[in-house]
Amino acid sequence: MFDWDGTLMDSETRIVTCLQAAFRDLGVPEPSPADARDVIGLGLQEAMQRLMPTADQALRQAVSDGYRQHFLVTNQTRSLLFDGVRDTLTQLAAQDYLLAVATGKSRIGLNQSLTESGLTGFFHATRCADETHSKPNPQMLFEVMNELGVSPSATLMVGDTEYDLQMANNAGTAAWRCAAVYILPSGYWH
């Protein structure tokens, strides 16, 4: 089970830029790059609650809508896969691993990323934060494991944030924190 942003795809700069632009559009003080980076991996609602703890729901929704507009339409900066991701997934698929994605992205955002990256066919299941509970709640892992018929003891969550690790811990699965996934020359993946 893989996280998407920051694990398979180098999308941090685009996410931070789009978050800050959404705040600026509404004349709301924008989060620092560090604060914006800190919410990557959470669902958008949870991210807005962290970034705007005293704001009302209407303002959070307006910023969320602005972020979606920037990320999905306005900002055409292409996010790239980390080096070696395609090779790693190819090797894992050749070894008959069941591959899945558990992400804080929205369904439309993940589908766009899967299409742009050409990785759609690699994954047996995917879950997004707008379809179930956001990380660190373990529900998306439980749903994917149930769909694929695998137990927590047979599941490895690979991600780059504490939210990924907390979700895996909450689901009783193994976890591996990494900055990116790639194949080493020896054939081992990191």
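Residues numbered from 1 in each chain as written. Predicted model: local features only at pLDDT ≥ 70, side-chain atom pairs only at ≥ 80, totals over all residues. Heavy atoms only, no water.

**Notes on the overall build of the protein chain**
Across its full length, the protein chain holds eight helices and six strands. In sequence order, the secondary structure elements of the protein chain are arranged as β-α-α-α-α-β-α-β-α-β-α-β-α-β. C-alpha atoms of the protein chain, sized along the principal axes, occupy 50 × 30 × 25 Å. Accessible surface, the protein chain as shown: approximately 9,200 Å² in total, 51% of it carbon and sulfur. (Helix = DSSP H or I, 4+ residues; strand = E, 2+ residues; numbered from the N terminus. Areas by Shrake-Rupley, 256 points an atom, 1.4 Å probe, with all protein chains shown as cover.)

**Digging into the confidence of the model for the protein chain**
Averaged over all residues, the pLDDT of the protein chain equals 92, while 94% of them reach at least 70. Below a pLDDT of 50 lies the segment residues 182–190, which in the model reaches 24 contacts outside its immediate sequence neighbourhood of four places, other chains included. (pLDDT = per-residue confidence, 0-100. Contact = heavy atoms within 4.5 Å.)

**Topic: helix H3 (residues 44–51)**
Listed as buried for H3 are Leu44, Ala47, Met48 and Leu51. Looking straight down H3, one finds its buried side chains confined to an arc of 100 degrees; they lie on one side. Close packing links the buried residues of H3 with helix H1 (12–25), helix H2 (33–38) and helix H4 (57–74). (Buried < 20%, exposed > 50% of the residue type's maximum accessible area, 1.4 Å probe, protein only. Arc of directions from axis to C-beta.)

**Concerning the packing of aromatic side chains**
The final tally for this structure, using the stated rule, is two aromatic pairs. Positioned above the aromatic ring of Phe71 is the side chain of Arg14, whose terminal nitrogen or guanidinium carbon lies 4.1 Å from the ring centre. (Phe/Tyr/Trp six-rings, centres within 6.5 Å; stacked < 30°, edge-to-face > 60°. Lys NZ or Arg CZ within 6 Å of the ring centre and 35° of its normal.)

**Details of the state of the cysteines**
By the definition in use, this model includes zero disulfides. Left without a disulfide partner, Cys18 is nearest to the cysteine sulfur of Cys128, which lies 17 Å away. (Disulfide = S-S within 2.5 Å.)

**What about the pattern of salt bridges?**
Taken as a whole, this structure holds nine salt bridges when the rule is applied. Where Glu12 meets Arg37, a salt bridge forms, and the shortest distance between an N and an O atom there is 3.8 Å. You can see Glu12 sitting in helix H1 and its partner Arg37 sitting in helix H2, a full 25 residues away along the chain. The exposure class of Glu12 is partly exposed, given its relative accessible area of 38%. Between Glu143 and Arg127 there is a salt bridge, and its shortest N-O distance comes to 3.0 Å. One end of the pair, Glu143, is in helix H7 (residues 139–148); the other, Arg127, is in strand E4 (residues 125–128), and 16 residues separate them in sequence. Of the residues examined, Arg127 reaches a relative accessible area of 15% and is grouped as buried. Connected via shared salt-bridge partners are Asp3, Lys135 and Asp164. (Salt bridge = Lys/Arg side-chain N within 4 Å of Asp/Glu carboxyl O.)

**Some remarks on H7**
Buried within H7 are the following residues: Met140, Leu141, Val144 and Met145. Taken around the axis of H7, the buried residues stretch over an arc of 130 degrees, which confines them to a single face. For H7, the elements touching its buried residues are strand E3 (100–103), E4, strand E5 (156–159) and helix H8 (162–171). The first or second residue beyond H7 is Gly149, which carries a positive phi of 70 degrees.

**Looking at the nonpolar core**
By size, the foremost hydrophobic cluster in this structure holds 22 residues, and its most contacted members are Leu19, Phe23, Met48, Leu51, Met52 and Tyr67. Elements that contribute at least two residues to this core include exactly H1, H3 and H4. The leading source of residues in this core is H1, at six residues. Excluding its chain neighbours within four sequence positions, the residues that come into contact with Leu51 are Leu19, Phe23, Pro31, Asp35, Ala36 and Val39. (Core = buried A, V, L, I, M, F, W, Y, C linked by side-chain atoms within 4.5 Å.)

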